[in-house]
Amino acid sequence: QKEVEQNSGPLSVPEGAIASLNCTYSDRGSQSFFWYRQYSGKSPELIMSIYSNGDKEDGRFTAQLNKASQYVSLLIRDSQPSDSATYLCAAGGGSYIPTFGRGTSLIVHP
Amino acid sequence: DAGITQSPRHKVTETGTPVTLRCHQTENHRYMYWYRQDPGHGLRLIHYSYGVKDTDKGEVSDGYSVSRSKTEDFLLTLESATSSQTSVYFCAIQTGSGANVLTFGAGSRLTVL
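Below is a short write-up of the structure. Predicted model only: the values in this text are computed from it and were never measured.

1. Some remarks on unusual backbone geometry
- Cis geometry is adopted by the peptide bond preceding Pro 10 of chain A, which originates at Gly 9 of chain A and carries an omega value of 10 degrees.
- With respect to the helices and strands, the residue Pro 10 of chain A is situated in the loop between strand E1 (4-5) and strand E2 (11-14).
- In this model, Ser 7 of chain B is joined to Pro 8 of chain B through a cis peptide bond whose omega is -10 degrees.
- Structurally, the position occupied by Pro 8 of chain B is in the loop between strand E1 (4-7) and strand E2 (10-13).
- With a phi angle near 65 degrees, Asn 28 of chain B is a residue other than glycine that sits in the positive phi range.
- Here Asn 28 of chain B lies in the loop between strand E3 (19-25) and strand E4 (32-38).
- We note that Lys 53 of chain B has phi near 65 degrees; this positive angle belongs to a residue other than glycine.
- Along the chain, the position of Lys 53 of chain B falls in the loop between strand E5 (42-51) and strand E6 (54-57).

Now the structure itself:
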């Protein structure tokens, strides 16, 4: 059974701080990793993808991948109230069937 | 915009009635998926399709069937709805340059009384 584990939260951070979201995965064959953001009542939207060990930066977002530890993280710098949402981690292999975690709720308070 | 629409967006029905949800895409993507999302369970795959008339089961397929007679349409049918099928249903298509990159529809909220 392929599993992706996330702390459900909520994770509460003050505006302007760094939010750190984490996820672990069980399938060592996973090759691609994703972070989706889901606002309340809306559908998930892709914000980051990462395929190689190390860091990948896109604006205020940094995804980090450590395949040896089977660990993926998302850092959000200068967090804004508009970043308040649920963040879903997903892992995929060659099957075109990604496995999603249950999501971490992030609250950024002014 | 990936051009994916779901219908209906909201539906209330009674136990035992059949329900069909429709997912329509405009960009000729091969892979399409149906997920349900429930509090505490995250996104769970119901069925997916890898081409016209090519479908397979996901982790929570019991009580659901699907059909894909055209590339652009992927239908999810609940033959006899139960209260446990009250959920938000998301259709997704595989887009982007890499495998497993999904774009989701807006969702269909189904309530079974």
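2. A few points about the layout of surface pockets
- Considering only enclosed or pocket space, the largest pocket measures out at about 670 Å³ in volume.
- Gln 38 of chain A together with Gln 37, Asp 38, Pro 39 and Val 88 of chain B are the residues nearest the centre of the largest pocket, which is lined by 31 residues in total.
- Of all the secondary-structure elements, those providing two or more residues to the lining of the largest pocket are strand E9 (85-92) and strand E11 (104-109) of chain A together with E4, strand E9 (87-94) and strand E11 (108-112) of chain B.
- Counting residues per element, the lining of the largest pocket draws most heavily on E11 of chain B, at 4 residues.
- Here the lining of the largest pocket is built from residues that sort into 7 nonpolar, 19 polar and 5 charged.
- Lining the second largest pocket are 21 residues, and of these Gln 1, Lys 2, Thr 99 and Phe 100 of chain A together with Glu 59 of chain B sit closest to its centre.
- Looking at the lining of the second largest pocket, the elements that each hand over two or more residues are E1 and strand E10 (99-100) of chain A together with E5 of chain B.
- Across the lining of the second largest pocket, the residue classes break down as 8 nonpolar, 6 polar and 7 charged.

3. Remarks on the state of the cysteines
- Taken as a whole and assessed by the stated rule, the structure comprises 2 disulfides over all chains.
- Disulfide pairing places Cys 23 of chain A opposite Cys 89 of chain A at an S-S distance of 2.0 Å. Residues Cys 23 of chain A and Cys 89 of chain A share a disulfide whose torsion about the S-S bond is about -45 degrees; that sign makes it left-handed. Taken together, the residues Cys 23 of chain A in strand E3 (residues 19-25) and Cys 89 of chain A in strand E9 connect sequence positions 66 residues apart.
- Residue Cys 23 of chain A is classed as buried on the basis of its relative accessible area of 2%.
- Between the sulfur atoms of Cys 23 of chain B and its disulfide mate Cys 91 of chain B the distance is 1.9 Å. Given an S-S torsion of about -70 degrees, the disulfide between Cys 23 of chain B and Cys 91 of chain B has left-handed geometry. Of the two residues, Cys 23 of chain B sits in strand E3 while Cys 91 of chain B sits in strand E9, which places them 68 residues apart along the sequence. Per residue, the accessibility class of Cys 23 of chain B equals that of Cys 91 of chain B, and both read buried.

Rules used in this analysis
- Residues numbered from 1 in each chain as written.
- Chains lettered and ligands numbered in written order.
- Predicted model: local features only at pLDDT ≥ 70, side-chain atom pairs only at ≥ 80, totals over all residues.
- Heavy atoms only, no water.
- Helix = DSSP H or I, 4+ residues; strand = E, 2+ residues; numbered from the N terminus.
- 1 Å grid on protein atoms, 1.4 Å probe; cavity = no way out; pocket = protein on both sides within 12 Å on 5 of 7 lines; lining within 4 Å.
- Points joined across faces, edges and corners; volume = space filled by probe spheres on them.
- Nonpolar A, V, L, I, M, F, W, Y, C, P; charged D, E, K, R; others polar.
- Disulfide = S-S within 2.5 Å.
- Buried < 20%, exposed > 50% of the residue type's maximum accessible area, 1.4 Å probe, protein only.

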